[in-house]
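What the coordinates show
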Amino acid sequence: MKIDHVAIAVHDLDAALDFYRDALGLEVAERREVPAEGVEIAFLPLGESEIELLRPLEADNSIGRFLAKRGEGIHHICLRVDDIEAAVERLVAAGGRMATEIRSHASGTRYAFVHPKSSHGVLIELYEKAAGR
Ligand code: ZN
């Protein structure tokens, strides 16, 4: 297991890049809108992990509501697992609660969110990368 990415919710992606890219010196590997999830994202690799910046496309989606309620900050931490079914099964058997089912990105990467009530206040994403990536 390792940290795949740490996601930070921001109001303004350009303003956030002024800090993370220009002031901190990270490079932007990818920036795109994901209309299905209602967000614009930027990925900035950092060693074996990445920082993901998330900007809501609408005020009334989960990221928009997060920002309204809690302001900018860490939205979730993503842990890479080898077998997401096994990870979810183990977690649920131990009394953990999932926030979502296992879903798939177009790339084949599968992911699921653990409810922050189970993980002491932090939204945790589990990630199983598609083979060969
Ligand atoms: Zn994520």
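Everything discussed here concerns the structure shown above.
We now turn to the structure provided with this report. Since the structure is predicted, the reported quantities are computational estimates derived from the model, not experimental observations.

1. With respect to the layout of surface pockets
- Volume-wise, the largest pocket comes out at about 1200 Å³.
- For the largest pocket, the lining is made up of 40 residues, of which Glu37, His75, His76, Phe113 and Glu125 are closest to its centre.
- Mapped by element, the contributors of at least two residues to the lining of the largest pocket are strand 1 (2-9), strand 2 (30-34), strand 3 (39-46), strand 4 (49-56), helix 2 (62-70), strand 5 (73-80), strand 7 (110-114) and strand 8 (123-128).
- If one sorts the elements of the lining of the largest pocket by residue count, helix 2 sits on top with six residues.
- Partitioning the lining of the largest pocket into residue classes produces 17 nonpolar, ten polar and 13 charged.
- The two domains that each donate at least three residues to the lining of the largest pocket are domain 1 (1-75) and domain 2 (81-133).

2. Focus on helix 2
- Within helix 2, the full set of buried residues consists of Ile63, Gly64, Phe66 and Leu67. What you see down the axis of helix 2 is that its buried residues fit within an arc of 160 degrees, all on one side. Structural note: helix 2 exposes Ala68 and Lys69 on the side pointing more than 90 degrees away from its buried face.
- Buried-residue contacts for helix 2 involve strand 1, strand 3, strand 4 and strand 5.
- At the N-terminal end of helix 2, a side-chain oxygen is found 3.2 Å from the backbone nitrogen of Ile63, two or three residues along, and the residue is Asn61.

3. Observations regarding the environment of Asp14
- Mapped onto the elements of the fold, Asp14 is located in helix 1 (residues 13-23).
- Residues Asp14 and Arg55 lie 41 residues apart in sequence; the distance between their C-alpha atoms is 9.9 Å.
- For Asp14, the side chain forms a polar contact with the side chain of Arg31, separated by 3.1 Å.

4. Comments concerning unusual backbone geometry
- Backbone geometry at His120 places phi at a positive 60 degrees, although glycine is not the residue there.
- Tracing the backbone through its elements, the reader meets His120 in the loop between strand 7 and strand 8.
- Of the residues examined, His120 reaches a relative accessible area of 76% and is grouped as exposed.

5. Brief notes about the coordination of the zinc ion
- Around the zinc ion, the protein contributes the donor atoms His5 (NE2), Glu52 (OE), His76 (NE2) and Glu125 (OE), at 2.0 to 2.8 Å from the metal centre.
- The site at the zinc ion holds four donor atoms, and with the angles between them running 78 to 172 degrees, its shape is irregular.
- Written as a sequence motif, the donor residues of the zinc ion are H-x46-E-x23-H-x48-E. Here Glu125 lies in strand 8 and Glu52 lies in strand 4, a separation of 73 residues in the sequence.
- Classification of Glu52 as buried rests on a relative accessible area of 8%.

Rules used throughout
- Residues numbered from 1 in each chain as written.
- Predicted model: local features only at pLDDT ≥ 70, side-chain atom pairs only at ≥ 80, totals over all residues.
- Heavy atoms only, no water.
- 1 Å grid on protein atoms, 1.4 Å probe; cavity = no way out; pocket = protein on both sides within 12 Å on 5 of 7 lines; lining within 4 Å.
- Points joined across faces, edges and corners; volume = space filled by probe spheres on them.
- Helix = DSSP H or I, 4+ residues; strand = E, 2+ residues; numbered from the N terminus.
- Nonpolar A, V, L, I, M, F, W, Y, C, P; charged D, E, K, R; others polar.
- Domains from an automatic or database assignment.
- Buried < 20%, exposed > 50% of the residue type's maximum accessible area, 1.4 Å probe, protein only.
- Arc of directions from axis to C-beta.
- Contact = heavy atoms within 4.5 Å.
- Polar contact = N/O pair within 3.5 Å; in protein donor to acceptor, adjacent residues only side chain to side chain.
- Donors = N, O, S within 2.8 Å, 3.2 Å for Na, K, Ca; no water.
- Tetrahedral: all angles 85-135°; square planar, octahedral: opposite > 155°, others 65-115°.

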